[in-house]
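Examination of the molecular architecture
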Amino acid sequence: PCDAAPATSITAYCYYWYCPITQLFGPNIYRNNILRNIRMAGTIYGGYTYYASGNMYHNTFSYDDPNNATALTIYGVYTYYSSSYANIEFRNNIISITRAGSGTNYGLYVGATGGGLYISNNDIYVNAPSSTNYLGYHPSPGTCSFSPAGISSWTAGVDPLGAFVNPLYVNYNT
């Protein structure tokens, strides 16, 4: 419905991971997924992990449609968990938000922590021209803007090996 009526305002959970039984069956693995061409208004949770233990490797979350000028709130990836649900490893992912339109954008939003969260080697690029852009949110250091100071806080407290560069996709449509 979003392609047919991109001004429709909804809340979209594109990848919703909820699985607190990892201790019985081993870690869940979410890898090599591509999320792109999201055309809508409202709120987008590109990847949403809720008490999901496991590994998230080599995923691409792209919100880069220059023709989507609707107002949005985007959470590139939103994770919420507690230490009682073991570990989450978020590594080698690309999150880019450069779309047209207004709103608030978060590359990676960590809603709660409790140990066992490992974030490393991710490329998070949030630079939408008409929006309020945040690299991410983490309980410590808090909200980090997409600016030199925000990047410094994020690398010091969350992802010390992260990159913050435009991934420069060869062709947005493929």
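Up top is the structure these notes are about.
My aim in this report is to walk through the structure given alongside it, one point at a time. (Residues numbered from 1 in each chain as written. Predicted model: local features only at pLDDT ≥ 70, side-chain atom pairs only at ≥ 80, totals over all residues. Heavy atoms only, no water.)

Further remarks concern the sheet that holds strand β9 (residues 94–97). Read from one edge to the other, the open sheet built from four strands follows the order β3-β6-β9-β12, with strand pairing classed as parallel. Of all the strands in the sheet, just β3 (34–35) and β12 (123–126) have a single pairing partner and so form its edges. Of the strand pairs in this sheet, β3 and strand β6 (residues 60–63) are connected by two bridges, and their pairing is parallel. Paired with Ile 34 across the two strands is Thr 60, which belongs to β6. (Pairing = 2+ DSSP bridges. Helix = DSSP H or I, 4+ residues; strand = E, 2+ residues; numbered from the N terminus.)

Here we come to the environment of Asn 37. Tracing the backbone shows Asn 37 in the loop between β3 and β4 (41–50). Distance in space between the C-alpha atoms of Asn 37 and Ser 62 is 7.5 Å, their sequence separation being 25 residues. A distance of 3.5 Å separates the side chain of Asn 37 from the side chain of Arg 36, its partner in a polar contact. (Polar contact = N/O pair within 3.5 Å; in protein donor to acceptor, adjacent residues only side chain to side chain.)

Here Asn 55 lies in strand β5 (residues 54–57). A relative accessible area of 14% places Asn 55 in the buried class. With sequence-adjacent residues up to four places away left out, Asn 55 is seen in contact with Pro 27, Asn 28, Ile 29, Tyr 30 and Glu 89. (Buried < 20%, exposed > 50% of the residue type's maximum accessible area, 1.4 Å probe, protein only. Contact = heavy atoms within 4.5 Å.)

So, about the nonpolar core. Soluble globular proteins tend to pack their nonpolar side chains together in the buried interior. If you look at the biggest cluster of nonpolar residues, it comprises 27 residues, and the most contacted ones within it are Leu 108, Ile 124 and Trp 154. Not counting the four nearest positions on each side in its chain, Ile 124 is found in contact with Ile 95, Gly 107, Leu 108, Leu 135, Phe 146, Trp 154, Ala 163 and Phe 164. Residues Tyr 45, Tyr 48, Tyr 78 and Tyr 109 belong to the second largest nonpolar core, which totals six residues. (Core = buried A, V, L, I, M, F, W, Y, C linked by side-chain atoms within 4.5 Å.)

This model, assessed by the stated rule, comprises 20 aromatic pairs. Taking the centre distance of 4.3 Å and the plane angle of 35° together, the rings of Trp 17 and Tyr 30 count as tilted. Placement of the pair is Trp 17 in strand β1 (residues 9–17) and Tyr 30 in strand β2 (residues 28–31), with a sequence separation of 13 residues. Considered together, Trp 17 and Tyr 30 belong to a single accessibility category, that of buried residues. Plain terms: the ring middles of Tyr 48 and Tyr 50 are 6.4 Å apart, the flat faces sit at 15° to each other, and that makes the pair stacked. Accessibility expressed as a relative area gives 28% for Tyr 50, which makes it partly exposed. An aromatic cluster of at least three residues, connected via ring pairs, comprises Tyr 13, Tyr 16, Tyr 45, Tyr 48, Tyr 50, Tyr 75, Tyr 78, Tyr 106, Tyr 109, Tyr 134 and Tyr 137. (Phe/Tyr/Trp six-rings, centres within 6.5 Å; stacked < 30°, edge-to-face > 60°.)

Below, the discussion takes up the pattern of salt bridges. Oppositely charged side chains may form a pair once their charged atoms are brought near each other. Counted according to the given criterion, the structure contains one salt bridge. Glu 89 serves as the salt-bridge partner of Arg 91, at 2.7 Å between the closest nitrogen and oxygen. (Salt bridge = Lys/Arg side-chain N within 4 Å of Asp/Glu carboxyl O.)

The next thing to look at is a nonpolar patch on the surface. On the surface, a cluster of nonpolar side chains totalling about 340 Å² of accessible area is made up of Tyr 13, Tyr 16 and Tyr 18. Within the fold, Tyr 16 resides in strand β1. (Patch = residues over 30% accessible without salt bridge, like charges linked within 9 Å, V, L, I, M, F, W, Y side chains within 5 Å. Areas by Shrake-Rupley, 256 points an atom, 1.4 Å probe, with all protein chains shown as cover.)

Keep in mind these values describe shape, not function.
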